[in-house]
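Here are the chains, one letter per residue:
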Amino acid sequence: MLRLVSWNINGIRSPLQGVRCEEPSSCSAMAMGRILDKLDADIVCLQETKVTRDVLTEPLAIIEGYNSYFSFSRNRSGYSGVATFCKDSATPVAAEEGLSGLLSTQNGDVGCYGNMDDFTQEELRALDSEGRALLTQHKICTWEGKEKTLTLINVYCPHADPGKPERLTFKMRFYRLLQIRAEALLAAGSHVIILGDLNTAHRPIDHWDAVNMECFEEDPGRKWMDGLLSNLGCESGSHMGPFIDSYRCFQPKQKGAFTCWSTVSGARHLNYGSRLDYVLGDRTLVIDTFQSSFLLPEVMGSDHCPVGAVLSVSSVPAKQCPPLCTCFLPEFAGTQLKILRFLVHFKQDPVFKQSALQPSNQTQVHMRQNKARVRSTRSRPSKTGSSRGQKNLMSYFQPSSSGPQTSNLDLPSLGTLITPKTSEEDVMANVVEGQTKASEAKDEKEIRTSFWKSLLGGPSPMPLCGGHREPCVMRTVKKPGPNLGRHFYMCARPQGPPTDPSSRCNFFLWSRPS
């Protein structure tokens, strides 16, 4: 069996799913190892790693028992990025970064690029510059004993921001390039699996609020998926796309099967999300070898949950990892130049070195004579002691003979130390005066306290929402416009279906400026 898992991890370094460790150097390796062990897959594909090569650390990339492959964003740091971790028993025969082939090294690449004449070189370079695609090619053996080729395309497709129309164009061009490459691999005789975050909910059943969305099925991304995929289910239908949505093949009518939720609104608590993550396989592969396709909503640590599939094939590992493997990067392979390599050792002439270490006889005689003169000129301290010699430590604790002698002081008699008795009236007057001063100080302190409390009254209490009569939460407008930066109150409950009384109500109130 071959188990595949895909997960948009939303930052591979963010705090690594809550794993705590006293030694930061081993914490990353331990946490990454725990994640891979928890997913329990032969091949794990991660999206949105948000790391670039300059911040990728060895404990994060080199995990015992696995070989890893990364694709980095070349434009922005902490953005996008995908990674594939393969067990040593599933080592690929080839690996490649990007879809266009412009990032290939011609050594250990997957190949089969298809006809890309519709794209310019600049466009292809831009589509591959965000680190959104990573290909690994494996040898698999079917239950019949036949050896075949399987290519995995790990993708993190772009998100179409409604406020940026150019990003929708970018997304659709990325979809087109992905389809061209996948179909070229199929035409070359390889089985193909596209897995990852496609950033599109295909059918209304895959979105929590599809009914209230205008022109849901007219979305360009959904139309593209309609052409890429066959009809739901494994049976032949009117439309025969080259790929099958493996989850809907096994669970065609399962509602609430979501993989992404908003973390701001707490929508995961009420399963108020959408299905953006897929495992798409070519028709022959899904029908013949797929045993199951699943979601893992119980796995926390990201705004997405993992998805996966199990195939009734066995992996035939390659004898050596492809050149793209992170173990061959100079910073991890021990071949990176260090500063000590630039410090060249100075080689001395052997004759000069011997003459420097062994001085001549004449030089040795002069050295002995100089040492003798130095010894003779040194002053030796006398046995009886000298006034110029170093003082003994005890001499500092002896009384000085030249200092003035202190005479005995006349102490006062006992009678002069006794104070006269005070009258009872004086004592009572002092007590009353002390109590009066303490009372005045207390009153003054209370006056100051009440003044500052009236001046600094603190935040006003949160208003109660209209649906549940519970304290609201304060939010800030972040969308550009006239209300940018303004505060408002809304229901504190998690977002959910409008028909669910336990979900957030529609209460809204602007905060008054202070």
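All values derive from a computational prediction rather than experimental measurement.

**A few points about the pattern of salt bridges**
In step 1: Summed over all chains, the structure comprises 16 salt bridges.
In step 2: Linking D206 and R248 is a salt bridge whose minimum nitrogen-to-oxygen distance equals 2.8 Å. Residue D206 is found in the loop between β8 (191-197) and α5 (220-228), and its partner R248 is found in helix α6 (residues 246-250); the two are separated by 42 residues along the sequence.
In step 3: Residue classification places D206 among the buried residues on the basis of a relative accessible area of 1%.
In step 4: With a shortest N-O distance of 2.7 Å, E470 and R493 are connected by a salt bridge. Taken together, the positions of E470 in the loop between α12 (424-455) and β14 (473-476) and R493 in the loop between β15 (487-490) and β16 (508-510) put the pair 23 residues apart, joining distant regions of the chain.
In step 5: In the salt-bridge network here, residues are joined through shared partners; they are D206, D245, R248 and R275.

**Quick look at the environment of S246**
In step 1: Note on placement: S246 falls in helix α6.
In step 2: Those residues within four positions of S246 in sequence are excluded, and the remaining contacts are V279, F290 and S293.
In step 3: Looking at S246, its side chain comes within polar contact range of the side chain of S293, at 2.9 Å.

**Digging into the packing of aromatic side chains**
In step 1: All told, the structure shown has seven aromatic pairs when counted by the stated rule.
In step 2: Between Y175 and W224 the ring centres are 4.1 Å apart and the planes differ by 0°, which places this aromatic pair in the stacked class. Pair noted here: Y175 is in helix α4 (residues 165-187) and W224 is in helix α5, with a separation of 49 residues, a long-range link. This pair shows no difference in class: Y175 is buried, exactly as W224 is.
In step 3: Where F508 meets W510, the ring centres are 5.1 Å apart and the plane angle is 85°; that geometry is what we call edge-to-face.
In step 4: One aromatic cluster in this structure is built from F70, F72 and F85.
In step 5: A cation over a ring is seen here: R222 above F216, with NZ or CZ 3.7 Å from the ring centre.
In step 6: Between the NZ or CZ atom of R486 and the centre of the ring of W510, over which it lies, the distance is 3.9 Å.

**What about the UniProt feature "site: Transition state stabilizer" (unreviewed entry) in the protein?**
In step 1: Listed under "site: Transition state stabilizer" (unreviewed entry) in the UniProt record, and renumbered for this structure, are N199.
In step 2: Assignment of secondary structure puts N199 in the loop between β8 and α5.
In step 3: Contact partners of N199, with chain neighbours within four places excluded, come to Y156, C157, P158, H159, K171, Y175 and L276.
In step 4: Separated by 2.8 Å, the side chain of N199 and the backbone oxygen of C157 make a polar contact.

**Observations concerning the UniProt feature "site: Important for catalytic activity" (unreviewed entry) in the protein**
In step 1: According to UniProt, the "site: Important for catalytic activity" (unreviewed entry) feature falls on D277.
In step 2: Along the polypeptide, D277 turns up in strand β10 (residues 277-282).
In step 3: When neighbours within four sequence positions are excluded, D277 is seen to be in contact with N8, Q47, G196, D197, T259, H304 and V307.

About the criteria used
- Residues numbered from 1 in each chain as written.
- Predicted model: local features only at pLDDT ≥ 70, side-chain atom pairs only at ≥ 80, totals over all residues.
- Heavy atoms only, no water.
- Salt bridge = Lys/Arg side-chain N within 4 Å of Asp/Glu carboxyl O.
- Helix = DSSP H or I, 4+ residues; strand = E, 2+ residues; numbered from the N terminus.
- Buried < 20%, exposed > 50% of the residue type's maximum accessible area, 1.4 Å probe, protein only.
- Contact = heavy atoms within 4.5 Å.
- Polar contact = N/O pair within 3.5 Å; in protein donor to acceptor, adjacent residues only side chain to side chain.
- Phe/Tyr/Trp six-rings, centres within 6.5 Å; stacked < 30°, edge-to-face > 60°.
- Lys NZ or Arg CZ within 6 Å of the ring centre and 35° of its normal.
- UniProt positions renumbered as here; feature names shortened; annotations may be inferred.

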